[in-house]
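Coordinates in review
Below are the chains, spelled out letter by letter.
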Amino acid sequence: MTQQPDQAPSGPTADTTASLDPEQLAERLDPSAPDPDHGNVRALVITRGPGAGSRYRIERAEVRIGRHPEADVLLDDVTVSRRHALLTVVDGAVVLTDQASLNGTYVGGERVDSHVLSDGDEVQIGRFHLVFQEGPQGDVDGPSGA
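Report on the accompanying structure. Values in this document were obtained by computation on a predicted structure and should not be read as measured data. (Residues numbered from 1 in each chain as written. Predicted model: local features only at pLDDT ≥ 70, side-chain atom pairs only at ≥ 80, totals over all residues. Heavy atoms only, no water.)

Turning our eyes to something else, we now look at the overall build of the protein chain. Across its full length, the protein chain carries one helix and 11 strands. Sequence-ordered secondary structure for the protein chain, helices as α and strands as β, is α-β-β-β-β-β-β-β-β-β-β-β. Intrachain contacts of the protein chain at a sequence separation of at least 6 include 47% that bridge at least 24 residues. (Helix = DSSP H or I, 4+ residues; strand = E, 2+ residues; numbered from the N terminus. Contact = heavy atoms within 4.5 Å.)

This is the structure:
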């Protein structure tokens, strides 16, 4: 769950967990529109679990993650809900939001409802461990998946 600290931390250990109102978020994006990438390439890479090494480039404003056959990032395992999580790009930031999944969505070992991802963040969805990568074109290579 998203925790609200008594004081806003600062510095390199600052909490980047965000709670976003779904209606407010929907007003800010068109899920079918391409994401203006600001020169960066974004991807999720499976580092542990079935399909380790698979890379999914994030090229749209909305990317669905789950076990459902129509998911953009298909994680086919019973530990993953059909509609497990959603990536949305809002004002250049990539937000990971749990979609009321049974087993939860974790970033850096902490269960989150929603979280603004940063380069190198480790995401766990069911048995799958993924790393979020963001950087210039040459730094994030691999085939497009989302």
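Moving on, there is more to tell.
What follows covers the sheet that holds strand β1 (residues 40-48). Within a sheet, adjacent strands bond to each other through the backbone by hydrogen bonds, running parallel or antiparallel. Spatially, the six strands line up as an open sheet ordered β2-β1-β11-β10-β7-β8, and their pairing is antiparallel. Each of the sheet's edge strands pairs with one partner strand only, and the pair in question is β2 (55-57) and β8 (110-112). The mean inter-strand angle of the sheet, taken between neighbouring strand axes irrespective of direction, is 30°. As judged from the three bridges shared by β1 and β2, these two strands associate in the antiparallel manner. Looking across to β2, one finds that A43 is bridged to R57. (Pairing = 2+ DSSP bridges. Axes fitted to C-alpha atoms, helices over the stretch in contact; angles between N-to-C directions.)

A few words now on the sheet that holds strand β9 (residues 114-116). With respect to topology, five strands assemble into an open sheet ordered β4-β3-β5-β6-β9, the strand pairing being mixed. Two strands lie at the open edges of the sheet, namely β4 (73-74) and β9, each paired on one side alone. Here strand β3 (residues 62-66) pairs with β4 via two bridges, running parallel. Note that in β4 the partner of G66 across the bridge is L74.

Nonpolar side chains tend toward joint burial in soluble globular proteins. The biggest cluster of nonpolar side chains holds 22 residues, and the ones touching the most others in it are I65, L75, L87, L96 and L117. When near neighbours in sequence (up to four residues on either side) are disregarded, L96 contacts I65, A85, L86, L87, T105, V107, D113, S114, H115, L117 and V123. (Core = buried A, V, L, I, M, F, W, Y, C linked by side-chain atoms within 4.5 Å. Buried < 20%, exposed > 50% of the residue type's maximum accessible area, 1.4 Å probe, protein only.)

Quick look at the pairing of strand β10 (residues 122-125) now. The two faces of the sheet receive side chains in turn, since in a regular strand these alternate between them. Of the two faces of β10, only the one carrying V123 and I125 is buried; E122 and Q124 on the other face are not. Pairing analysis gives three bridges linking strand β7 (residues 105-107) to β10, with the strands arranged antiparallel. Each residue of the ladder has a partner; that of V107, found in β10, is V123. Between β10 and strand β11 (residues 128-136), which pair antiparallel one after the other, the connecting turn spans two residues, and G126 there sits at a positive phi close to 60°.

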